[in-house]
Amino acid sequence: MPLTDSQPDSPSGSRPLPAPTNDIPGPAGLPFLGSMLDLRRDSLSTFLKAQREHGDVVRLEAGPPGLRSVFHAVFAPEGVQQILASQAANFRKDHPLYEEVRQAFGNGLLTSQDADYLRQRRLVQPLFTKRRVDGYASAVTGEAAGVVDRWRSAEDATVDLVPEMNRLALRTVARILFGLDTEEAVAAIHRCSPVINAYVVQRAYVPVKIPRQWPTPGNLRARAAMDELDALCDRIVAERRAATAAADDPDAAEGGDDLLSLLAAAGNAEDGSLDATEVREQVLIFLLAGHETTATSLAFTLHLLARHPEEQARVRAEIDRVLADREPTAADLDRLPYLTQALKESMRLYPAAPVVSRRAVEATEICGFRIPAGADVVVAPWVTHRDPELWPDPERFDPGRFAPGREADRHRYAWFPFGGGPRACIGQHFSMLESVLALATLLRAYELHAVDEEVPVAAGITLQPTGPARVRLRPRDGAGE
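As a starting point, this report considers the structure included with it. From a predicted model like this one, the values you see are computed outputs, not experimental measurements. (Residues numbered from 1 in each chain as written. Predicted model: local features only at pLDDT ≥ 70, side-chain atom pairs only at ≥ 80, totals over all residues. Heavy atoms only, no water.)

**Overview of unusual backbone geometry**
Of note, A157 is a non-glycine position whose phi angle comes to about 55°, a positive value. With respect to the helices and strands, A157 occurs in the loop between α6 (137-150) and β4 (158-160). Its identity is not glycine, yet A324 carries a phi of approximately 55°, on the positive side. Among the structural elements, A324 can be located in the loop between α12 (309-323) and α13 (337-349). (Helix = DSSP H or I, 4+ residues; strand = E, 2+ residues; numbered from the N terminus.)

Structure representation (structure tokens):
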């Protein structure tokens with residue numbers, strides 16, 4: 001994955017800019033609370049409505065006087081590129097949400113900045129080369145095959161894709177991270193992650209924060225969950241370091257092919273190596289970013305295909321033609337273009353990171369509006385991915401939008417589920433590989449028919465389905481026998 005964003009802008013999607021002004025439009029909201037209640041009730045719909053009614057740069061206020069938060073939402077792809085790429089140094093991860101994630105999961109790649117981030121990225125980058133990531137393909141297909149087997153006993157041949165794909169993605173990332181320690185890790189993460197995530201989001205958006213040290217029920221629950229995950233990771237890190245130290249070749253140590261062993265051994269003469277705390281923090285961030293995001297993409301891709309049987313049939317015909325009777329491999333990623341298009345279209349409609357926050361260091365101009373120094377700024381894939389000027393009939397599921405010729409005609413930041421610029425997701429290739437291979441494995445074995453037509457969602461640290469995504473299974477080629 002490139003560390004810089006060098007792709008030139010496409011002329012399509014460019015818009016005439018107003019004269020620079022400080023008068024940024026936005027919803028009036030309630031006299032005392034502004035948009036606070038709307039944002040708490042449904043922040044994604046609030047952002048979408050703000051763009052429809054006020055344009056591509058919107059000012060929102062939330063909270064009572066004296067405790068009011070003011071932030072600016074930027075929806076135009078030109079502005080998104082400015083924030084994430086061309087002027088990325090001026091937009092830092094100093095937003096309260098990132099501080100809460102930092103306190104909960106440590107200062108890993110998702111939250112670190114400046115010299116810490118650059119050093120961590122240099123150390124971790126070799127672990128995410130295409131060659132290295134492709135080596136995890138068998139782990140992905142092995143876990144997906146386990147789902148195929150388990151679905152044989154599904155009651156009424158019906159499953160809820162939300163918990164099913166969460167379990168699959170969690171088992172996969174835990175297996176790749178921890179090797180033989182998968183079961184213990186999966187149980188701990190399943191138990192602790194929802195507690196921590198809810199705590200982080202709640203604290204990020206309240207106007208007055210109770211000190212973490214106070215023994216409130218919420219603080220105690222979150223602290224216990226954090227301590228459990230920290231202790232698990234610290235123990236496994238210590239075991240891996242002991243194993244690699246005992247081996248002449250670090251990769252020859254027990255469990256040496258898992259990502260944790262490689263992290264424990266990461267380093268070079270210039271940067272030194274990651275210490276035990278840094279390894280734990282990277283692991284926790286990988287667990288957070290590496291399973292919830294992929295689970296979201298898998299669940300919604302399958303559900304959308306279940307709702308659109310003609311698209312599912314086209315995807316399955318491609319899978320059957322390419323794979324026949326064999327398991328998918330990393331080499332098949334480029335041989336399944338229509339499946340990849342369906343995945344990308346799902347990530348357009350349901351981006352795993354629906355809102356991304358930054359804070360402006362210096363005053364700057366975006367899309368003709370002056371953004372003041374110190375302002376909180378958000379970009380929202382959820383909104384930009386639904387802009388009818390960029391995506392005609394935006395709510396329609398259409399994998400053809402991502403045919404090669406059509407992709408090239410769009411602005412680079414009309415679709416950005418992995419972010420962009422120097423902070424683009426380091427695991428982008430891994431996420432795409434995992435998703436395509438898992439989808440191919442599941443769709444080769446079963447036809448899916450939607451039970452729930454719509455799946456409600458909410459914005460947390462990642463996009464959170466708040467209702468079921470049930471499908472009825474029809475086995476193919478003896479998958480259910």
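There's plenty left to go through after this.
**Examining the pairing of strand β7 (residues 356-360)**
Counting buried positions over the five residues of β7 gives four, a clear majority of the element. As paired elements, strand β3 (residues 91-92) and β7 share two bridges and run antiparallel to each other. Looking across to β7, one finds that F91 is bridged to A360. The pairing of β7 with strand β10 (residues 376-379) spans four bridges and is classified as antiparallel. What sits directly across from R358, in β10, is V377. (Buried < 20%, exposed > 50% of the residue type's maximum accessible area, 1.4 Å probe, protein only. Pairing = 2+ DSSP bridges.)

**What about the pairing of strand β14 (residues 470-475)?**
Pairing analysis gives three bridges linking β4 to β14, with the strands arranged antiparallel. Looking at β14, one finds that T158 is bridged to R472. Pairing analysis gives five bridges linking strand β11 (residues 446-450) to β14, with the strands arranged antiparallel. When the bridges of β14 are listed, L448 appears paired with L473.

**A few points about the nonpolar core**
By size, the foremost hydrophobic cluster in this structure holds 124 residues, and its most contacted members are W151 and F178. The dominant element in this core, judged by the number of residues it contributes, is helix α11 (residues 276-307), at 14 residues. In this view, W151 contacts V159, L161, E164, M165, L442, Y446, L448 and L473; residues no more than four positions away in its chain are not counted. Of all hydrophobic cores here, the second largest spans 21 residues; its members include I24, V57, A85 and A360. (Core = buried A, V, L, I, M, F, W, Y, C linked by side-chain atoms within 4.5 Å. Contact = heavy atoms within 4.5 Å.)

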